[in-house]
Amino acid sequence: MIAPAEAFAPHYARARVMFLEGAAAAGMAIRSHNHPLPGRDGETLAMDVALDGPPDAERLLIVSSACHGVEGFCGSGVQVFATHDTEWRAHARAAGVSVLYIHAINPHGFSFQRRVTHENVDLNRNFQDFAGPLPDNPAYDELQPLLLPEVWPPVPEVESAIALWVELHGQAAFQAAVSQGQYRHADGLFYGGRAPTWSHQTLRAVLRSHAGRSRRIGWIDLHTGLGPCGLGERIFAGRDDAAALQRARDWWGADGLGAVTSIYDGTSSSALLTGLMWNAVYEECPQAEYTGIALEYGTRPFAEVLQALRADHW
């Protein structure tokens, strides 16, 4: 066992080594999917997958990190600690559950400390049917010149124009417009892309390979950013399905601060989003009953997070 603080790494390359060492020491089956580009410091990038338990288990729990690359610092720490937690691993085995750890779904973003993939795509808006029409977001179209102005830092007139938009439409509408996903501005915020990214395609392959025989799949996808600092909000991660939402609440909490929230009923700190990653599990594992959450740890207030994202994209 290691102390919790020892599970967190200062950069992607170290996080990857710690995860692979922990998984190997635990005797897990490991497979690495190398990214086509090098990392910030020239290191190899990969989506690393470790399976703890039989490959043919009917019950599978997926624990994933770094869908949004820079958020991998938190998610990797949770995964590394789990590889050393003998009590947790014994509990999963006793329940007949195999655990699939997917480390760094977006390794490029993790290494470069960016939210997006190397294609500048928000991976959690990229799971669309690109053969058909993509969702429109006219409110984002209106806000784009203000969110990413020609000059940075923004001049007072730009910030005043954003404040006026919020005053006219409301804070919730502003958050939805900015974050729900947009498919027109390739250099913009929360861009969903025009085709599946490398991370998108690789994740689908991982699901087909490791979850294609499971009858019950749970998924905890680790995130940071929204909500009160340090609080892990459990956000339902699935289609708008009352039975699946109730199952998630039965598993992970239905009351108080620990209640599973939902983007569909307005209880979540997240807006209603498009192109979400867990759409893939329905398509790649249709044989399974699926139940998932995004475990979202709050960091800074929304306005500060958004300002940092604007500056990063600029």
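Below is a summary of the structure that appears in this document. Bear in mind that the values here come from a model prediction, so they are computed numbers and not experimental data.

So, the packing of helix α1 (residues 12-25) against helix α2 (residues 72-84)
Phase 1 of the analysis: The interhelical angle for the contact between α1 and α2, taken along N-to-C directions, is 20°, at an axis separation of 8 Å. Taken together, the axes of α1 and α2 lie roughly parallel to each other. α2 is crossed by α1, and the crossing has left-handed handedness. When α1 is examined against α2, the residues Ala15, Met18, Phe19, Gly22 and Ala23 are found in contact with a partner set consisting of Ser76, Gln79, Val80, Thr83 and His84.
Phase 2 of the analysis: Its residues placed into classes, the contact of α1 with α2 shows 5 nonpolar, 5 polar and no charged.

A few points about the side chain of histidine 35
Phase 1 of the analysis: The residue histidine 35 is located in the loop between β1 (29-34) and β2 (46-52) in this model.
Phase 2 of the analysis: Polar contacts involving the side chain of histidine 35 include one to the main-chain amide nitrogen of leucine 37, which spans 3.0 Å.
Phase 3 of the analysis: Polar contacts involving the side chain of histidine 35 include one to the side chain of histidine 118, which spans 3.1 Å.
Phase 4 of the analysis: When residues no more than four places from it in sequence are discounted, the contact partners of histidine 35 are Leu45, Ala46, Pro107, His108, His118 and Trp198.

Description of helix α7 (residues 171-179)
Phase 1 of the analysis: Along α7, the residues that are buried comprise Phe174, Gln175, Ala177, Val178 and Ser179.
Phase 2 of the analysis: Buried residues belonging to α7 abut α5 (138-147), α6 (156-169), β5 (216-229) and α11 (302-313).
Phase 3 of the analysis: A positive backbone phi angle near 120° is found at glycine 181, which sits one or two residues after α7.

Cut-offs and rules
- Residues numbered from 1 in each chain as written.
- Predicted model: local features only at pLDDT ≥ 70, side-chain atom pairs only at ≥ 80, totals over all residues.
- Heavy atoms only, no water.
- Axes fitted to C-alpha atoms, helices over the stretch in contact; angles between N-to-C directions.
- Helix = DSSP H or I, 4+ residues; strand = E, 2+ residues; numbered from the N terminus.
- Parallel < 35°, antiparallel > 145°, perpendicular 65-115°, else oblique.
- Left-handed = near helix turned anticlockwise from the far one by under 90°.
- Contact = heavy atoms within 4.5 Å.
- Nonpolar A, V, L, I, M, F, W, Y, C, P; charged D, E, K, R; others polar.
- Polar contact = N/O pair within 3.5 Å; in protein donor to acceptor, adjacent residues only side chain to side chain.
- Buried < 20%, exposed > 50% of the residue type's maximum accessible area, 1.4 Å probe, protein only.

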